[in-house]
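Fold and geometry: a report
Residues per chain, in single letters:
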Amino acid sequence: MSSTNKTTHLKLNSWIGSDKPKRVDFNYDNEVIDKTIHDHITDTVVHINDSERDKWNNYMYVGMYFGTGDSSRVIKTDCPFDVNMGIVFAVNKPISVMDFSENHKTNYCAFLGTYGESSGVKLLDDLRSFRVNQNYAILGREYINLNEIGVSYIYMMFR
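Treat the numbers as computed from the prediction; the structure is a model and nothing was measured. (Residues numbered from 1 in each chain as written. Predicted model: local features only at pLDDT ≥ 70, side-chain atom pairs only at ≥ 80, totals over all residues. Heavy atoms only, no water.)

Quick notes on helix H1 (residues 23-41)
Short version of the rule: Secondary structure elements follow DSSP: runs of H or I no shorter than four residues count as helices, runs of E no shorter than two count as strands, and numbering proceeds from the N terminus. Each residue after the first adds 1.5 Å to the expected span of a helix. Type-normalised accessible area, obtained with a 1.4 Å probe on protein chains alone, sets the label of each residue: buried when under 20%, exposed when over 50%, and partly exposed for intermediate values. This arc corresponds to the set of directions leading from the helix axis out to the C-beta atoms. It only takes one pair of heavy atoms within 4.5 Å for two residues to be counted as in contact.
Taking 1.5 Å of rise per residue, 19 residues should cover 27 Å, and H1 covers 27 Å from first to last C-alpha, within 8% of that figure. Those residues of H1 not exposed but buried are Asp25, Asp29 and Val32. Taken end-on, H1 shows its buried residues confined to a sector of 60 degrees, consistent with a single buried face. Of the exposed residues in H1, the ones pointing more than 90 degrees away from its buried face are Arg23, Val24, Glu31, Asp34, Lys35 and Ile41. In this structure, the buried residues of H1 make contact with strand E2 (13-14).

Some details on the pairing of strand E6 (residues 96-99)
Worth spelling out the cut-off: When DSSP finds two or more bridges between two strands, those strands count as paired.
Bridging between E6 and strand E7 (residues 104-107) involves 4 bridges; their strand directions are antiparallel. Within E7, the position partnered with Met98 by the bridge is Lys105. Where E6 folds back on E7, the antiparallel hairpin that results is connected by 4 residues, among which Asn103 adopts a positive phi of roughly 55 degrees.

Let's talk about the packing of aromatic side chains
Filter applied, for reference: A pair of Phe, Tyr and Trp rings is counted when the ring centres sit within 6.5 Å of each other, with Trp represented by its six-membered ring. The angle between the planes then sorts it: under 30 degrees is stacked, over 60 is edge-to-face, the rest tilted.
Under the counting rule described, the total for this entry stands at 5 aromatic pairs. With a centroid separation of 6.3 Å and an interplanar angle of 65 degrees, the aromatic rings of Tyr65 and Phe130 are classed as edge-to-face. In this pair, Tyr65 sits in strand E3 (residues 60-66) while Phe130 sits in strand E10 (residues 129-138), placing the two residues 65 residues apart along the sequence. Look at Phe130 and you get buried, because its relative accessible area is 0%. Between Tyr65 and Tyr153, the aromatic rings sit 5.0 Å apart at their centres with planes inclined by 10 degrees, giving stacked as the arrangement. Here Tyr153 lies in strand E12 (residues 152-158) and Tyr65 lies in strand E3, a separation of 88 residues in the sequence. Here Tyr65 matches Tyr153 in class, with each residue buried. One aromatic cluster in this structure is built from Tyr65, Phe130, Tyr153 and Tyr155.

Section: the environment of His40
Positionally, His40 belongs in helix H1. Along the chain, His40 and Asp25 lie 15 residues apart, while their C-alpha atoms are 23 Å from each other. With sequence-adjacent residues up to four places away left out, His40 is seen in contact with Val46 and His47.

Examining the side chain of Asn13
Applicable threshold: In protein, a polar contact means a hydrogen-donor-capable atom and an acceptor-capable atom, both N or O and within 3.5 Å, with residues adjacent in sequence counting only if both atoms are side-chain atoms; elsewhere, any N or O pair within 3.5 Å suffices.
Locating Asn13 in the fold gives a position in strand E2. The class for Asn13 is buried, based on a relative accessible area of 8%. Only 3.0 Å separates the side chain of Asn13 from the side chain of Asp29, close enough to count as a polar contact. Those residues within four positions of Asn13 in sequence are excluded, and the remaining contacts are Ser2, Ser3, Asn5, Lys6, Asp25, Tyr28 and Asp29.

Here it is as structure tokens:
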């Protein structure tokens, strides 16, 4: 005879003093517990897997390089994931400088990504390296300086 009472949620056996437990009752309870725990652990709606956890916890990578003055240069990062978008900017420089006496503008910041980029920077096919340009002229008197000699640059890459 199974128990007189059942637990509220899993309907496991809950015996009273006059009940006579049988092995089949314990086996039934163990199967219910095993199935319930298995269903919960493998529920991908309720739980995330290790790959998803890694993606959420490691969504950004930051690195630095020093300008060499070369007109074009490839920056190979140690970024552990494929980049979807990023930003490159000079340390201790404004994003952009307008020189009214020479009538030109110099940009020290650029955006890159899998769907496009700012002038002067290009995400490469490996999705972990990018090319920067120095004194790269756009729109006549606007210049991109992403490799100025002696200047430090920071790049931030995002999944």
